[in-house]
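Descriptive structure summary
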Amino acid sequence: MAPITPTQALAELQAGNRRFVAGVPRHPNQDAGHRAAVADGQHPFAVIVGCSDSRLAAEIIFDRGLGDLFVVRTAGHTAGPEVLGSVEYAVTVLGTPLVVVLGHDSCGAVQAARDTARTGTQPPGHLYSVVAAVGPSLRRAAQQGVHDIDGIVDIHIAQTVEVLLGNSPVIAAEVAAGRCAVVGMSYRLAAGEVRQVAPAEEPTAQASAVAVPGPAVPTGVDPAPAAVPG
C-alpha cells in the first residue's frame, strides 16, 4: 500500500463510518486472500486509542479489516506508559500517519470517576488507577462549567489527545515533522456516528507538542483521499 497522509487517513475512517451508519458496510480486507497477504507484515493507516467498552469495536465502526487499524484499548482510553509505547511503535516503526483517541457517550469510566469525586469512596483494586487517570479531565470540566456526562467525555477525549502529545516527545516529534496527526473522536452508541471533538495537529515543523485549537483536519497536505486497498 502506498503511503497516505494524515488527512487522507482521516477521510478513510470517516467514509467507513458513514457506510456503517447507513447500513451499507463493504467489510474490506476481511477475506482469506487479504489475510494471507498481511501475514508477513502490517501497515495500518490509523492508530485507534479507544475505550475498552464492548460496543466500541473499531474495525466495525469504521468498516475496515485486517491490517488496517492498530488498536489500543483501555477503560476510559486512559493513556499510561504501555499505551504511549504502543502508539510510539505504530507511528515510528510502522509509519502510521494518524492517531485517533476514540471515546463514546455515557462512558462508564468517566461516570465512575465522577461518582468517586462526589462520594469520596475509592473503588477497589486497580480500578482506582482508571478513576485517577480521568481525574484531570473532571477538574478541567469543572473549571469550564461543564457538568453533563457527555460534555465531560468530550473534554476527557481532548485531554487524552494532550496526554499523548505532552507525555510522548516521540509522538510530538512525528506530528511536528508532518508525518502524523492526532485527533479526538466521540462515538454515539445508539446512532453509530463518530464525530470529531478534538482538532488535528498542524503537521508542520513548527507544530506545538500540545493540542491547540485548529482546523478540523491537518493543513498543508493534499486533502484528496488516497486509495486504501479494500
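Please read all numbers here as calculations on a predicted model, not as lab measurements.

Focus on the overall build of the protein
Secondary structure summary: the protein contains 8 helices and 5 strands in total. Here the protein, with 230 residues, has 47% of them falling under the buried criterion. Restricting the contact set of the protein to residue pairs at least 6 apart, pairs at least 24 apart contribute 68%. As displayed, the protein offers around 10400 Å² of accessible surface, 56% of which is attributable to carbon and sulfur atoms.

Description of the sheet that holds strand β3 (residues 98-104)
Reading across from one edge, β2-β1-β3-β4-β5 is the order of the 5 strands in this open sheet, with mixed pairing throughout. For this open sheet the edge positions go to β2 (69-74) and β5 (194-198), each flanked by a neighbour on one side alone. Neighbour-to-neighbour, the strand axes of the sheet open up by a mean angle of 30°, direction not taken into account. Packing against the sheet, helix α7 (residues 149-167) makes contact with β1 (46-51), β3, β4 (181-187) and β5, and its axis sits at approximately 160° to β4.

Digging into the pattern of salt bridges
Summed over the entire model, instances satisfying the criterion amount to 8 salt bridges. Put simply, R64 and D68 hold a salt bridge, and the shortest N to O gap is 3.1 Å. Here D68 falls in the buried class, since its relative accessible area comes to 4%. Salt-bridge contacts for R140 lead to E162; the nearest nitrogen and oxygen are separated by 3.0 Å. Of this pair, R140 sits in helix α6 (residues 127-143) while E162 is found in helix α7, placing the two residues 22 residues apart along the sequence. For R140, a relative accessible area of 22% gives the class partly exposed. Overall, the relative accessible area of 22% leaves E162 in the partly exposed class. Within this structure, E12, R64 and D68 form a network of salt bridges that share partners.

Quick notes on the packing of aromatic side chains
Considering all chains together, one arrives at 1 aromatic pair under this definition. On the numbers, 6.0 Å between centres and 40° between planes, the contact of F70 with Y89 is tilted. With F70 in strand β2 and Y89 in helix α4 (residues 81-92), this residue pair connects regions lying 19 residues apart in the sequence.

Considering α6
Because an α-helix completes one turn every 3.6 residues, residues spaced three or four positions apart along the sequence face the same direction. Taking 1.5 Å as the rise per residue, α6 with 17 residues should run 24 Å; its terminal C-alpha atoms sit 25 Å apart, in good agreement. Maximum bend of α6: about 35°, positioned at G135, with proline P136 one to four residues after it. Where α6 is buried, its residues contact α5 (108-119) and α7. Looking one or two residues past α6, G145 carries a phi angle of roughly 75°, positive in sign.

Things to note about the nonpolar core
As a rule of thumb, nonpolar side chains are buried together in soluble globular proteins. By size, the foremost hydrophobic cluster in this structure holds 58 residues, and its most contacted members are L13, F62, L98, V99, L102 and L164. Top contributing element to this core by residue count: α7, with 9 residues. Residues within four places of L13 in sequence aside, it is in contact with F45, A46, I48, F62, L69, L98 and V100.

Quick word on the environment of S106
Within the element layout of this structure, S106 appears in the loop between β3 and α5. Residue S106 is classed as partly exposed on the basis of its relative accessible area, which comes to 46%. A sequence separation of 47 residues divides S106 from V153, and the C-alpha atoms of the two residues are 7.8 Å apart.

Conventions and cut-offs
- Residues numbered from 1 in each chain as written.
- Predicted model: local features only at pLDDT ≥ 70, side-chain atom pairs only at ≥ 80, totals over all residues.
- Heavy atoms only, no water.
- Helix = DSSP H or I, 4+ residues; strand = E, 2+ residues; numbered from the N terminus.
- Buried < 20%, exposed > 50% of the residue type's maximum accessible area, 1.4 Å probe, protein only.
- Contact = heavy atoms within 4.5 Å.
- Areas by Shrake-Rupley, 256 points an atom, 1.4 Å probe, with all protein chains shown as cover.
- Pairing = 2+ DSSP bridges.
- Axes fitted to C-alpha atoms, helices over the stretch in contact; angles between N-to-C directions.
- Salt bridge = Lys/Arg side-chain N within 4 Å of Asp/Glu carboxyl O.
- Phe/Tyr/Trp six-rings, centres within 6.5 Å; stacked < 30°, edge-to-face > 60°.
- Expected span 1.5 Å × (residues − 1).
- Bend = angle between axes of the 7 residues up to and from the residue.
- Core = buried A, V, L, I, M, F, W, Y, C linked by side-chain atoms within 4.5 Å.

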